[in-house]
Amino acid sequence: MFLKRLETVGFKSFAEKVTLDFVPGVTAVVGPNGSGKSNITDAIRWVLGEQSAKSLRGSKMEDIIFQGSDTRKALNVAEVTLVLDNANQTLPLEYQEVSVTRRVFRSGESQFLINNQSCRLKDIVDLFMDSGLGREAFSIISQGKVEEILSSKPEERRSIFEEAAGVLKYKQRKKKAEYK
Ligand code: ATP
Ligand code: MG
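Residues numbered from 1 in each chain as written. Chains lettered and ligands numbered in written order. Predicted model: local features only at pLDDT ≥ 70, side-chain atom pairs only at ≥ 80, totals over all residues.

In the nomenclature of an unreviewed UniProt entry, the protein chain corresponds to Chromosome partition protein Smc from the organism Terribacillus aidingensis.

K.L.:
Can you explain the overall build of the protein chain? Please cite residues and give values.
P.N.:
Within the protein chain one finds five helices and six strands. Listing every helix and strand of the protein chain by position from the N terminus yields β-β-α-β-β-β-β-α-α-α-α. In terms of overall dimensions, the protein chain is globule-like: its C-alpha atoms have a radius of gyration of 17 Å, near the 16 Å expected for 180 residues. With respect to the principal axes defined by its C-alpha atoms, the protein chain has extents near 55 × 40 × 40 Å. Per-residue burial for the protein chain yields a buried fraction of 22% across its 180 residues. In the protein chain, the proportion of contacts linking residues at least 24 apart, taken out of those at least 6 apart, comes to 50%. (Helix = DSSP H or I, 4+ residues; strand = E, 2+ residues; numbered from the N terminus. Rg over C-alpha atoms; globule rule 2.2 N^0.38 Å. Buried ≥ 20, exposed ≤ 12 C-beta atoms within 10 Å, placed from the backbone. Contact = placed C-beta atoms within 7 Å.)

K.L.:
Give me the lowdown on the UniProt feature "binding site: ATP" (unreviewed entry) in the protein chain, citing residues and values where you can.
P.N.:
According to UniProt, the "binding site: ATP" (unreviewed entry) feature falls on Pro-32, Asn-33, Gly-34, Ser-35, Gly-36, Lys-37, Ser-38 and Asn-39. Mapped onto the elements, Asn-33 comes out in the loop between strand E2 (18-21) and helix H1 (37-47). Within the secondary structure, Asn-39 sits in helix H1. (UniProt positions renumbered as here; feature names shortened; annotations may be inferred.)

K.L.:
How would you sum up H1? Please name residues and give values.
P.N.:
For H1, the set of buried residues is Asn-39, Ile-40, Asp-42, Ala-43, Arg-45, Trp-46 and Val-47. Remark: Gly-49 follows H1 within two positions and exhibits a positive phi of approximately 115°.

K.L.:
Tell me about the sheet that holds strand E3 (residues 77-85), and please be specific about residues and values.
P.N.:
Reading across from one edge, E2-E1-E3-E4-E5-E6 is the order of the six strands in this open sheet, with antiparallel pairing throughout. Of all strands in the sheet, those with a lone pairing partner are E2 and strand E6 (117-119), marking the two edges. Mean inter-strand twist for the sheet, computed between neighbouring axes without regard to direction, equals 20°. Alignment of E3 against strand E4 (residues 97-105), held across nine bridges, turns out to be antiparallel. Its bridge partner being in E4, Val-80 is matched across the sheet by Arg-102. Along the sheet, H1 contacts strand E1 (2-9), E3 and E4; its crossing angle with E3, the most-contacted strand, is approximately 80°. Docked against the sheet, helix H2 (residues 121-128) engages E4, strand E5 (110-114) and E6, running at close to 40° with respect to E5. (Pairing = 2+ DSSP bridges. Axes fitted to C-alpha atoms, helices over the stretch in contact; angles between N-to-C directions.)

K.L.:
Go over the site of ligand 1 with me, naming the residues and quoting the values.
P.N.:
Taken together, 15 residues lie around ligand 1, and Ser-13, Asn-33, Lys-37, Ser-38 and Asn-39 are the ones closest in. Residues that form the shell around ligand 1 fall into these classes: three nonpolar, nine polar and three charged. (Near = placed C-beta within 6 Å. Nonpolar A, V, L, I, M, F, W, Y, C, P; charged D, E, K, R; others polar.)

K.L.:
Lay out unusual backbone geometry with the relevant residues and their values.
P.N.:
One non-glycine residue, Lys-12, lies in the positive phi region at around 45°. Mapped onto the elements of the fold, Lys-12 is located in the loop between E1 and E2. On the neighbour-count criterion, Lys-12 (23 C-beta atoms within 10 Å) is buried. Of note, Asn-115 is a non-glycine position whose phi angle comes to about 45°, a positive value.

K.L.:
So what about the nonpolar core? Which residues, and what values?
P.N.:
One finds Ala-43, Val-47 and Ile-64 to be the most contacted residues of the largest nonpolar core, which totals 24 residues. Where this core is concerned, the elements lending two or more residues are H1, E3, E4 and H2. If near-sequence neighbours (up to four positions away) are discounted, Val-47 is found in contact with Val-80, Leu-82, Val-100 and Arg-102. (Core = buried A, V, L, I, M, F, W, Y, C linked by C-beta atoms within 7 Å.)

Here is the structure:
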């Protein structure tokens, strides 16, 4: 599985529609301070189900919608689509290519789609669980994360290995079954 494309409109500083195409291998994003590099990873985490505005460097979810600039007025909706190559079937879907979309309106309404079909946030979170690309997966190491891992308690650190090993899904299912 690899990230093929990111499309966004209205997300943070990306007022106009922006499409980023990726190829297998390493991609480096460079640019001056404040130009929107971190906003790209925020967009990826958000579409994968991030629910904490704080971890997206805002105070409320609405802060991720383009808030306007000197030359452009604010928008009322933010949308991000991630397209993944699924030729190796990492994601348990019978598609060579999988897209996930998330939209949020200023009214607070949210929409989620997998391959353009409406779904729940939970479906997106479940789809990526144990794939190595979930919202909390080890594939995104943000600033301060390395230190957090090193100074975390053994149990917390174990959950990182569990996600990497792909057993988190089974643990969560077990927990759910026990509560019933
Ligand atoms: P650095 O090199 O300092 O890490 P960066 O390239 O990672 O910078 P980002 O943090 O991605 O930059 O982008 C910050 C910019 O995004 C700021 O200019 C901020 O004003 C803009 N921004 C954030 N949220 C919004 C929003 N809702 N509407 C418009 N612009 C926004
Ligand atoms: Mg940054």
